[in-house]
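Structure assessment
Residues per chain are reported as follows:
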Amino acid sequence: MAKALASFVCQNCGAAYNRWQGKCESCGEWNTLVEENAGGAAVPSSLRSKRKGRAFALESLTGDTHDAPRTPSGMAELDRVTGGGFVRGSVLLLGGDPGIGKSTLLIQAASLMARQKHRSVYISGEEAVAQVRLRAERLGLANAPVQLAAETSVEDIIATLSQGARASLVVIDSIQTMWTDTVDSAPGTVTQVRASAQALIRFAKTSGATLILVGHVTKDGQIAGPRVVEHMVDAVLSFEGEGSQQFRILRAVKNRFGPTDEIGVFEMTGLGLREVHNPSELFLSERDLGTPGTAVFAGIEGTRPVLVELQALVAPTALGTPRRAVVGWDPARLSMVLAVLEAHCGVKLSGHDVYLNVAGGLRINEPAADIAAAAALVSSLTNAPLPADGVYFGEVSLSGAIRPVAQMPARLKEAAKLGFKRAILPELTRGDGAGDAGLALNAVGSLTELVAEIAAKGKGKRQQIA
Ligand code: TYD
Ligand code: MG
């Protein structure tokens with residue numbers, strides 16, 4: 001018989017070692033190795049059968065395949081992120097910080113599904129039935145026919161779910177609390193999480209139920225437990241938000257059955273999560289009109305335009321190395337914009353601290369935000385407020401030119417809808433067809449031009465631009 005294999009498993013990345021050591025060589029984390037019974041890693045004797053393999057039929061790429069049948073949850077923002085509803089037999093992993101609202105979101109989704117006469121089951125490994133009931137009562141969902149249990153044994157759960165009608169939705173809150181008899185490790189360890197997830201996923205695929213696993217995240221934002229769980233599931237959703245703010249954003253990090261660039265926006269209220277169908281209104285709701293250092297960016301999240309305010313503060317530094325702090329945007333892009341401002345536009349920032357913040361806790365990935373960020377920075381530096389009725393979008397190239405971006409008509413239309421009067425945007429090439437949104441278009445060809453325009457309006461200038 002083979003000797004017991006590696007039995008020290010890194011709780012961060014799942015790498016296995018045959019002796020303990022302080023640092024995991026695979027992911028570089030310290031103190032993450034925990035002894036686990038290797039029984040789970042080796043093939044259990046019951047599966048080591050002597051039978052020969054069975055031949056199965058191979059298929060061609062063409063053929064009758066029905067579209068993945070979907071059941072909309074009835075929560076439009078959730079359906080937007082999943083790609084139009086829950087696919088039968090699919091498995092979703094929902095990650096997010098503690099207290100962000102994962103359990104709230106899922107009890108609401110389960111209730112909506114149950115009210116549409118789909119069997120939906122909510123298994124809580126963290127809270128007692130009474131606690132879940134209490135929450136449901138507060139959310140006004142107590143009369144929804146959700147089937148509820150506080151259980152952690154995977155075998156018991158699967159046995160229960162196999163009885164009665166096919167479940168449409170099964171929520172497991174959370175996968176870290178589940179344990180299976182087939183391995184000896186403690187619940188929450190990599191081996192247990194992996195084995196429990198495997199068993200539950202197998203059940204979902206064979207029964208056709210949609211399974212949602214809640215996953216805890218570690219302090220650096222990764223879903224705890226082995227990354228392999230992320231590979232095993234069909235979609236990984238992440239629920240994000242700033243603790244102090246009421247907005248919550250649901251994103252698909254991976255999705256086998258839909259897009260990954262859509263976001264769902266929610267607001268946490270006293271009555272649970274409220275869907276926000278028009279995020280721009282929310283992100284712009286508390287604007288400081290006419291303050292220097294703020295610019296409205298007309299962005300695109302997935303297929304939906306989202307207007308959001310960028311706030312910059314540029315202040316003389318007291319430190320040898322000035323600070324550059326950015327929330328909600330890529331620090332590397334900020335460095336690039338600062339470099340272009342210095343090199344091509346004569347804006348001296350080496351003696352200044354620079355802070356940039358995307359309002360409302362949104363995270364922007366688009367390069368189209370470059371000129372909005374640049375405008376906010378220059379506006380703060382020169383103490384010149386930007387027009388309150390203008391939106392900005394455009395990508396800055398290293399040469400200082402402003403480049404066109406995708407989906408300009410959609411951005412303009414959204415801005416017009418929200419009452420903006422003008423757009424500061426890249427020079428249009430024929431065929432962009434952006435002219436009919438009813439906004440005054442102020443095309444700028446280079447960042448120098450934009451900086452000059454803003455600086456010319458600077459009142460009590462804090463600093464002259466060379
Ligand atoms: P919860 O769904 O338990 O978070 P998670 O499962 O992600 O850990 O949400 C907990 C937080 O949400 C808690 O701080 C209270 C807040 N909350 C509300 O503000 N309103 C509500 O109606 C509910 C149910 C929770
Ligand atoms: Mg919870």
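Residues numbered from 1 in each chain as written. Chains lettered and ligands numbered in written order. Predicted model: local features only at pLDDT ≥ 70, side-chain atom pairs only at ≥ 80, totals over all residues. Heavy atoms only, no water.

On to the overall build of the protein, then. Along the backbone of the protein there are 11 helices and 23 strands. Within the protein, the proportion of its 466 residues that are buried is 49%. Taking as baseline every contact in the protein between residues at least 6 positions apart, the subset at least 24 positions apart corresponds to 67%. For the protein, the accessible surface area stands at approximately 22200 Å², while carbon and sulfur atoms represent 53% of it. (Helix = DSSP H or I, 4+ residues; strand = E, 2+ residues; numbered from the N terminus. Buried < 20%, exposed > 50% of the residue type's maximum accessible area, 1.4 Å probe, protein only. Contact = heavy atoms within 4.5 Å. Areas by Shrake-Rupley, 256 points an atom, 1.4 Å probe, with all protein chains shown as cover.)

Okay, the sheet that holds strand β2 (residues 16-17) next. One open sheet holds the three strands; their spatial order is β2-β1-β3, and the pairing between them is antiparallel. Of all strands in the sheet, those with a lone pairing partner are β2 and β3 (33-35), marking the two edges. Pairing of strand β1 (residues 8-10) with β3, which is carried by three bridges, proceeds in the antiparallel orientation. Along β3, the bridge assignment pairs Phe8 with Glu35. (Pairing = 2+ DSSP bridges.)

As summarised here, the arrangement of the nine strands in space is β8-β7-β9-β10-β6-β11-β12-β13-β14, forming an open sheet in which the pairing is mixed. Edge positions in the open sheet fall to β8 (147-149) and β14 (272-275), since each of these has one partner strand only. Neighbouring strand axes in the sheet, compared pairwise and without regard to direction, differ in orientation by 25 degrees on average. Where strand β13 (residues 263-269) and β14 come together, four bridges link them in antiparallel fashion. Residue pairing for β14: Met268 is matched across the bridge by Leu273. The strands that helix α5 (residues 190-207) touches are β6 (91-96), β9 (169-173) and β10 (210-216); relative to β10, the one it contacts most, it runs at about 160 degrees. (Axes fitted to C-alpha atoms, helices over the stretch in contact; angles between N-to-C directions.)

Turning to unusual backbone geometry, a few remarks are in order. The residue after Asp173, namely Ser174, is reached through a cis peptide bond having omega 10 degrees. The backbone of Asn383 shows a phi angle near 60 degrees, a positive value even though the residue is not glycine. With respect to the helices and strands, the residue Asn383 is situated in the loop between α9 (370-382) and β19 (390-392). On the accessibility criterion, Asn383 (25% relative accessible area) is partly exposed.

This brings us to the packing of α9 against helix α11 (residues 447-456). Between α9 and α11, the shortest axis-to-axis distance is 10 Å and the interhelical angle comes to 35 degrees. Crossing geometry of α9 relative to α11 is assigned as right-handed. For the pair α9 and α11, contact is made by Ile371, Ala374, Ala375, Val378, Ser379 and Thr382 and by Leu447, Leu450, Val451, Ile454 and Ala455, respectively. Its residues placed into classes, the contact of α9 with α11 shows nine nonpolar, two polar and no charged. (Left-handed = near helix turned anticlockwise from the far one by under 90°. Nonpolar A, V, L, I, M, F, W, Y, C, P; charged D, E, K, R; others polar.)

What follows covers the site of ligand 1. Within the structure, ligand 1 sits among 16 residues, and Gly99, Lys102, Ser103, Thr104 and Thr269 are positioned closest to it. Contact distances for ligand 1 include 2.7 Å between an oxygen atom and a backbone N or O atom of Gly99. Between ligand 1 and Ser103 there is a distance of 2.6 Å, counted from an oxygen atom to a side-chain nitrogen or oxygen. Protein chains bury 72% of the 560 Å² of accessible surface belonging to ligand 1 in isolation. Where the shell around ligand 1 is concerned, the elements lending two or more residues are α2 (102-115), α3 (129-138) and β13. For the shell around ligand 1, the leading source of residues is α2, giving three residues. When the residues that make up the shell around ligand 1 are grouped by side-chain class, the tally is five nonpolar, seven polar and four charged. (Near = heavy atom within 4 Å. Polar contact = N/O pair within 3.5 Å; in protein donor to acceptor, adjacent residues only side chain to side chain.)

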